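# Structural overview
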Amino acid sequence: MFKVGDKVWAKTNRYSITSYHRPCEVISVNYLHLGRIVVRIAKTGGGYEVDACEFEHIPKGAIFEKGELVTHKEIMFKFIKYDCMGTAILKHKEGYLINAKIKDIRKVGGFFV
């Protein structure tokens, strides 16, 4: 199902660190314990052993990028980074930060500084 190097994310909030829709990379597939993979959160060092059935391949263009314009509750924000527990950090144009559930964030395209 998965191979080393695949870009994946969790389908659920079962895990706190590799939480819902937080991009990860498969760094190991445990062939002795079928159904287990080791993932690394994108751009970090550590690995986490997880149940493969809780993860799926990331669709092309679905990852939020730093600086990307997004909406949360119909208000425009700049995406800053993924956080734990299925949330992300967003920045309003007035400078304040919020922690929002990933499932409530939508892409709108474009960038602002």
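Since we're looking at a predicted model, the values are computed, not measured.

Procedures and definitions
Residues numbered from 1 in each chain as written. Predicted model: local features only at pLDDT ≥ 70, side-chain atom pairs only at ≥ 80, totals over all residues. Heavy atoms only, no water. pLDDT = per-residue confidence, 0-100. Helix = DSSP H or I, 4+ residues; strand = E, 2+ residues; numbered from the N terminus. Contact = heavy atoms within 4.5 Å. Core = buried A, V, L, I, M, F, W, Y, C linked by side-chain atoms within 4.5 Å. Buried < 20%, exposed > 50% of the residue type's maximum accessible area, 1.4 Å probe, protein only. Pairing = 2+ DSSP bridges. Phe/Tyr/Trp six-rings, centres within 6.5 Å; stacked < 30°, edge-to-face > 60°.

The subject of this paragraph is the confidence of the model for the chain. Looking at the chain as a whole, the pLDDT averages 89, with 93% of positions reaching at least 70. Across the chain, the secondary-structure element scoring lowest on mean pLDDT is strand β10 (residues 105-111), at 76, and the one scoring highest is strand β9 (residues 97-101), at 96.

In this structure, I80 sits in strand β7 (residues 75-82). Linking I80 and L90, residues 10 residues apart in sequence, is a C-alpha distance of 5.3 Å. Leave out the neighbours within four places in its chain, and I80 touches K66, I89, L90, K91 and L97.

All right, on to the nonpolar core then. One finds F2, V8, V26, I37, V39 and F55 to be the most contacted residues of the largest nonpolar core, which totals 13 residues. Elements represented by at least two residues in this core include exactly β1 (7-10), β2 (24-30) and β3 (36-41). Beyond its immediate chain neighbours, meaning those up to four positions away, F2 contacts V8, V26, V29, I37, A52, F55, E56 and H57.

Where β1 and β2 come together, 2 bridges link them in antiparallel fashion. By the bridge assignment, K7 is partnered in β2 with E25. Of the pairings in the sheet, the one linking β1 to strand β5 (residues 55-57) comprises 3 bridges and is antiparallel in character. If you follow V8 over to β5, its bridge partner there is H57.

This next bit is on the packing of aromatic side chains. Any pair of aromatic rings gets described here by the distance separating the centres and the angle formed by the planes. Going through the model one piece at a time under the given rule, you end up with 4 aromatic pairs. Judged by centre distance (5.0 Å) and plane angle (65°), the rings of F79 and Y82 are edge-to-face. The class for F79 is buried, based on a relative accessible area of 2%. Joined through ring pairs, the aromatic side chains of F64, F79 and Y82 make up one cluster.

Moving on: unusual backbone geometry. For K73, which is not glycine, the phi dihedral falls at a positive 55°. Its place among the elements puts K73 in the loop between β6 (68-72) and β7. Classification of K73 by relative accessible area gives exposed; the value is 65%. With a phi close to 60°, M85 is a non-glycine residue in the positive phi region. By the secondary structure assignment, M85 is in the loop between β7 and β8 (87-91).

This part covers the environment of I98. Structurally, I98 can be placed in strand β9. A residue is classified by how much of its surface remains accessible, and I98, at 21% relative accessible area, is partly exposed. Leave out the neighbours within four places in its chain, and I98 touches H72, F77, A88, I89 and L90.

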